Amino acid sequence: MKIQISEVKIDFINPCEGIVAFASIVINDAICLSSIAIHKKLSSEGYRITYPSKGKFSIYHPINREVGSAIETAVLEKFQEVMSKVYEKNDYTHI
């Protein structure tokens with residue numbers, strides 16, 4: 001079964017401990033996964049994602065690299081798209 005991510009929603013937050021936003025995705029028009037955190041990378045430029053957990057236990061996470069890569073790509077592409085629109089709208093060129 002091929003994974004198809006049909007929807008990605010980004011919700012920005014006030015940055016907290018490196019987290020700048022949360023994402024929700026719909027996979028194969030069958031399941032919604034939410035609370036995927038988008039973090040600013042500490043050691044380099046860019047962003048990374050993490051999945052929700054409770055203490056030491058994961059709520060959910062990808063089982064294989066193919067699915068993990070598909071989710072990460074979809075979330076970070078949408079995040080960059082939304083960020084571009086924010087910068088265009090607010091014209092941060094003078095900063």
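Now for a look at the structure at hand. (Residues numbered from 1 in each chain as written. Predicted model: local features only at pLDDT ≥ 70, side-chain atom pairs only at ≥ 80, totals over all residues. Heavy atoms only, no water.)

Turning our eyes to something else, we now look at the sheet that holds strand S2 (residues 19-27). Within the open sheet, the 4 strands sit side by side as S1-S2-S3-S4. Their pairing is antiparallel. Single-partner strands in this sheet number two, and they are strand S1 (5-16) and strand S4 (47-50). On average, adjacent strands in this sheet sit at an angle of 30° to one another, irrespective of strand direction. As paired strands, S2 and strand S3 (residues 31-40) are joined by 7 bridges and run antiparallel to one another. (Pairing = 2+ DSSP bridges. Helix = DSSP H or I, 4+ residues; strand = E, 2+ residues; numbered from the N terminus. Axes fitted to C-alpha atoms, helices over the stretch in contact; angles between N-to-C directions.)

What follows deals with the layout of surface pockets. Computed from the structure, the largest pocket encloses a volume of approximately 220 Å³. Taken together, 13 residues make up the lining of the largest pocket; nearest its centre are Ile3, Ile27, Leu33, Val67 and Ile71. Those elements that provide at least two residues to the lining of the largest pocket are S3 and helix H1 (65-90). Within the lining of the largest pocket, the residues separate by chemical class into 11 nonpolar, 2 polar and no charged. (1 Å grid on protein atoms, 1.4 Å probe; cavity = no way out; pocket = protein on both sides within 12 Å on 5 of 7 lines; lining within 4 Å. Points joined across faces, edges and corners; volume = space filled by probe spheres on them. Nonpolar A, V, L, I, M, F, W, Y, C, P; charged D, E, K, R; others polar.)

General note: in soluble globular proteins, nonpolar side chains tend to be found buried as a group. Counting residues in hydrophobic clusters, the biggest one holds 20 residues, and the most contacted among them are Ile25, Ile38, Ile71, Val75 and Phe79. Mapped onto this core, the elements with two or more residues apiece are S1, S2, S3, S4 and H1. Counting residues per element, this core draws most heavily on H1, which supplies 6 residues. In this structure, isoleucine 25 is in contact with Ile5, Glu7, Val8, Ile31, Cys32, Leu33, Ile36, Ile71 and Val75, ignoring residues within four places of it in sequence. (Core = buried A, V, L, I, M, F, W, Y, C linked by side-chain atoms within 4.5 Å. Buried < 20%, exposed > 50% of the residue type's maximum accessible area, 1.4 Å probe, protein only. Contact = heavy atoms within 4.5 Å.)

This next bit is on the pattern of salt bridges. According to the stated counting rule, one finds 3 salt bridges in the structure shown. Taking the shortest distance from any N to any O, the salt bridge between lysine 78 and glutamate 81 comes out at 3.7 Å. Here the residue lysine 78 and the residue glutamate 81 both occupy positions in helix H1, the gap between them amounting to 3 residues, near one helical turn. Judged by relative accessible area, which is 27%, lysine 78 ranks as partly exposed. Residue class for glutamate 81 comes out partly exposed when judged on its relative accessible area of 36%. A salt bridge links glutamate 81 to lysine 85; the shortest N-O distance between them is 3.4 Å. Separated by 4 residues within a single helix, glutamate 81 and lysine 85 lie in helix H1, roughly one turn from each other. (Salt bridge = Lys/Arg side-chain N within 4 Å of Asp/Glu carboxyl O.)

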